[in-house]
Amino acid sequence: MYEVSRDWQTYSSETGGFIALKNSILPLELQQAMFIGMDPPKHDRLKALFQRGFTPKRIGEHEEAIRAITTGVLDRLEGREECDLVIDVAQPAVARVIGSFMGLPPQDDEVWANLINAIVGAGDPDATPEGAQSVMERECPRCSSAAGG
């Protein structure tokens, strides 16, 4: 894995890698416009822009809001005897924090989290047993038609 992460010429995201498996879900041009589908130097320039917003100081400025989001997610577990840490805690907390940074309304969190999971899990029958295209059609018909579905 170390070699793959350091040798982007051989293991290109733009010409193979992640996006090769996803081509049936999103058009190649759209995939290459996504951060995960880029190679250096484009990837490095975008990463540098995002890193400026995620310094400890900048995250600290949002600590109160992030604590409120996390507390809200944990409060929904009250009275339950068990939960799935990823589905019931991590995913909704991360989706809301990122969504709040992007200015998205809370009601969009689950849709976007499901879409990202479908895209990342495309081709994995355990992650998307009904197929990633079905997940896109169900979760975001507008996105599916834009992708040619």
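Just so we're clear, the structure is a prediction, and the values are computed from it rather than from any experiment.

Definitions and limits used
- Residues numbered from 1 in each chain as written.
- Predicted model: local features only at pLDDT ≥ 70, side-chain atom pairs only at ≥ 80, totals over all residues.
- Heavy atoms only, no water.
- Helix = DSSP H or I, 4+ residues; strand = E, 2+ residues; numbered from the N terminus.
- Buried < 20%, exposed > 50% of the residue type's maximum accessible area, 1.4 Å probe, protein only.
- Contact = heavy atoms within 4.5 Å.
- Areas by Shrake-Rupley, 256 points an atom, 1.4 Å probe, with all protein chains shown as cover.
- Axes fitted to C-alpha atoms, helices over the stretch in contact; angles between N-to-C directions.
- Left-handed = near helix turned anticlockwise from the far one by under 90°.
- Nonpolar A, V, L, I, M, F, W, Y, C, P; charged D, E, K, R; others polar.
- pLDDT = per-residue confidence, 0-100.
- Salt bridge = Lys/Arg side-chain N within 4 Å of Asp/Glu carboxyl O.
- Patch = residues over 30% accessible without salt bridge, like charges linked within 9 Å, V, L, I, M, F, W, Y side chains within 5 Å.
- Polar contact = N/O pair within 3.5 Å; in protein donor to acceptor, adjacent residues only side chain to side chain.

**Some points on the overall build of the protein**
Right, on to step 1. Counting secondary structure elements, the protein contains ten helices and zero strands.
Right, on to step 2. Starting at the N terminus and walking to the C terminus, you meet the elements of the protein as α-α-α-α-α-α-α-α-α-α.
Right, on to step 3. For the protein, with 149 residues in total, the buried portion stands at 28%.
Right, on to step 4. Relative to all contacts within the protein whose residues are 6 or more apart in sequence, the contacts with residues 24 or more apart total 40%.
Right, on to step 5. Here the protein displays about 10300 Å² of accessible surface, and carbon together with sulfur accounts for 59% of that area.

**A few points about the packing of helix H6 (residues 63–75) against helix H7 (residues 85–102)**
Right, on to step 1. As a packed pair, H6 and H7 sit with axes 9 Å apart at the nearest point and diverge in direction by 145 degrees. Classified by chirality, the crossing of H7 by H6 is right-handed. Along its contact with H6, which presents Ile-66, Ile-69, Val-73 and Leu-74, the element H7 presents Asp-88, Val-89, Pro-92, Ala-93, Arg-96, Val-97, Ser-100 and Phe-101.
Right, on to step 2. Class assignment of the residues belonging to the contact of H6 with H7 gives a composition of nine nonpolar, one polar and two charged.

**Quick word on the confidence of the model for the protein**
Right, on to step 1. Summarising the model, the protein shows a mean pLDDT of 78, and 71% of its residues fall at 70 or more.
Right, on to step 2. Mean pLDDT across the secondary structure elements of the protein bottoms out at helix H2 (residues 17–22), with 48, and peaks at H6, with 96.
Right, on to step 3. With pLDDT under 50 throughout, residues 18–23 is counted as low confidence; its partners more than four residues away or in other chains account for 15 contacts.

**Considerations on unusual backbone geometry**
If a residue is not glycine, its phi is most likely negative; likewise, a peptide bond is most likely trans.
Right, on to step 1. Residue Pro-40 is joined to Pro-41 through a cis peptide bond whose omega torsion reads 5 degrees.
Right, on to step 2. As for its position among the elements, Pro-41 is in the loop between helix H3 (28–33) and helix H4 (42–53).

**Observations concerning the pattern of salt bridges**
Right, on to step 1. Under the criterion given, the structure shown has four salt bridges.
Right, on to step 2. Between Glu-61 and Arg-58 there is a salt bridge; the shortest N-O distance is 3.4 Å. With Glu-61 and Arg-58 both in helix H5 (residues 56–61), this residue pair falls three residues apart, about one helical turn.
Right, on to step 3. Put simply, Asp-109 and Arg-96 hold a salt bridge, and the shortest N to O gap is 2.6 Å.

**Description of a nonpolar patch on the surface**
Right, on to step 1. A cluster of nonpolar side chains, namely Phe-35, Leu-49, Phe-50, Phe-54, Val-94, Ile-98, Phe-101 and Met-102, defines an oily patch on the protein surface of about 780 Å² accessible area.
Right, on to step 2. If you list the elements that add at least two residues to the nonpolar patch, you get H4 and H7.
Right, on to step 3. Position of Phe-101 among the secondary structure elements: in helix H7.
Right, on to step 4. Phe-101 sits in the partly exposed class, given a relative accessible area of 32%.

**Brief notes about the side chain of Asp-88**
Right, on to step 1. Relative to the assigned elements, Asp-88 resides in helix H7.
Right, on to step 2. Among the polar contacts listed, one links the side chain of Asp-88 to the side chain of Arg-80, at a separation of 2.9 Å.

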